[in-house]
Amino acid sequence: MPARMEVSGFSQIQRRLEELYGPIAEKTVNKALRAGAEVLNEGYKDNAPKSDNPRQPKPRTQLWRTGDHAYKLLKVSSVKSLAGPGAKAIDVGIQKGDNSKAFYLKFFEWGSSKMKAQPFMGPINDRKAREVLNAIKNEMKRGYRL
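Everything numeric here is computed off the predicted structure, so don't read it as measured data.

Draft legend 1. Summary view of the overall build of the protein chain. Summing up its helical and strand segments, the protein chain has five helices and three strands in all. Counting every position in the protein chain, which comprises 146 residues, the buried fraction comes to 38%. Approximately 9400 Å² of the protein chain is accessible, and the part contributed by carbon and sulfur atoms is 53%.

Draft legend 2. Geometry of the environment of Leu33. As for its placement among the helices and strands, Leu33 is situated in helix H2 (residues 24-47). Judged by its relative accessible area of 2%, Leu33 falls in the buried class. Through-space distance from the C-alpha of Leu33 to that of Ser78 is 9.5 Å; in sequence the pair is 45 residues apart.

Draft legend 3. Structural context of helix H5 (residues 129-144). Compared with an ideal rise of 1.5 Å per residue, which puts 16 residues at 22 Å, H5 spans 23 Å between its outermost C-alpha atoms and is within 8% of the ideal. The complete set of buried residues in H5 reads Val132, Ala135, Ile136, Glu139, Met140 and Tyr144. Along the axis of H5, the buried positions cluster into a sector of 150°, meaning they face one direction only. Facing away from the buried surface of H5 by more than 90 degrees, the exposed residues are Arg130 and Arg142. Arg145 lies just past H5 and shows a positive phi near 55°.

Draft legend 4. Region of interest: the packing of H2 against H5. Taken N-terminus to C-terminus, the directions of H2 and H5 make an angle of 150°; their axes are 8 Å apart at the nearest point. By the angle class used here, H2 and H5 are roughly antiparallel. Judged by the twist between their axes, the crossing of H2 over H5 is right-handed. Note on element contacts: H5 touches H2 through Glu131, Val132, Ala135, Ile136, Glu139, Met140, Gly143 and Tyr144, opposite Ile24, Ala25, Thr28, Val29, Lys31, Ala32, Ala35, Gly36, Val39 and Leu40. Of the residues belonging to the contact of H2 with H5, the class tally is 12 nonpolar, three polar and three charged.

Draft legend 5. The nonpolar core, seen in detail. Grouped together as the largest cluster of nonpolar side chains are 27 residues, with contacts concentrated most on Tyr44, Leu74, Leu105, Phe120 and Met140. Elements that contribute at least two residues to this core include exactly H2, strand S3 (88-92) and H5. It is H2 that provides the largest number of residues to this core, a total of eight residues.

Draft legend 6. Layout of the side chain of Thr28. Looking at the element boundaries, Thr28 is found in helix H2. Take Thr28: its relative accessible area is 5%, and that puts it in the buried class. If sequence neighbours within four positions are ignored, Thr28 has contacts with Glu139, Met140, Gly143 and Tyr144.

Draft legend 7. Representation of the pattern of salt bridges in the model. Under the criterion given, the structure shown has five salt bridges. With its nearest N and O atoms 3.3 Å apart, the salt bridge here joins Lys128 to Glu131. Of the charged contacts, one joins Glu139 and Arg142 as a salt bridge, the two residues approaching to 2.5 Å between their closest N and O atoms. Taken together, the residues Glu139 and Arg142, both in helix H5 and three residues apart, mark about one turn of the helix.

Reading the values: rules and limits
- Residues numbered from 1 in each chain as written.
- Predicted model: local features only at pLDDT ≥ 70, side-chain atom pairs only at ≥ 80, totals over all residues.
- Heavy atoms only, no water.
- Helix = DSSP H or I, 4+ residues; strand = E, 2+ residues; numbered from the N terminus.
- Buried < 20%, exposed > 50% of the residue type's maximum accessible area, 1.4 Å probe, protein only.
- Areas by Shrake-Rupley, 256 points an atom, 1.4 Å probe, with all protein chains shown as cover.
- Expected span 1.5 Å × (residues − 1).
- Arc of directions from axis to C-beta.
- Axes fitted to C-alpha atoms, helices over the stretch in contact; angles between N-to-C directions.
- Parallel < 35°, antiparallel > 145°, perpendicular 65-115°, else oblique.
- Left-handed = near helix turned anticlockwise from the far one by under 90°.
- Contact = heavy atoms within 4.5 Å.
- Nonpolar A, V, L, I, M, F, W, Y, C, P; charged D, E, K, R; others polar.
- Core = buried A, V, L, I, M, F, W, Y, C linked by side-chain atoms within 4.5 Å.
- Salt bridge = Lys/Arg side-chain N within 4 Å of Asp/Glu carboxyl O.

Printed below as a string of structure tokens:
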């Protein structure tokens, strides 16, 4: 299961921080979410399947192939504002509807009609939870100079 980092119960704190710090508050929250997401994404990259020989693209027919490992294409999205005061989210890794050049990693994560799932992201979510929270906390401290 891909990670979608959501911070809930934060709206009152965020509102107070915005009163105290003004425009720095939103930037700091966004940087903190991104810092946590980067920790998770690095865990995904470390745990992603890697072959000894990545397939090379065939001219004109396999333009989606990069000739490199797909894990190098795993990304962190920009911070998105959700409905509700102060609600934010950020997508990490691949999503089920992914059509990027790393799309075939979703078959490892969720399986297909011809392939059993071999999750590489799901196990990392639990293992990295504390590290993600620490990255968020440290970035918040740095941003607010606490």
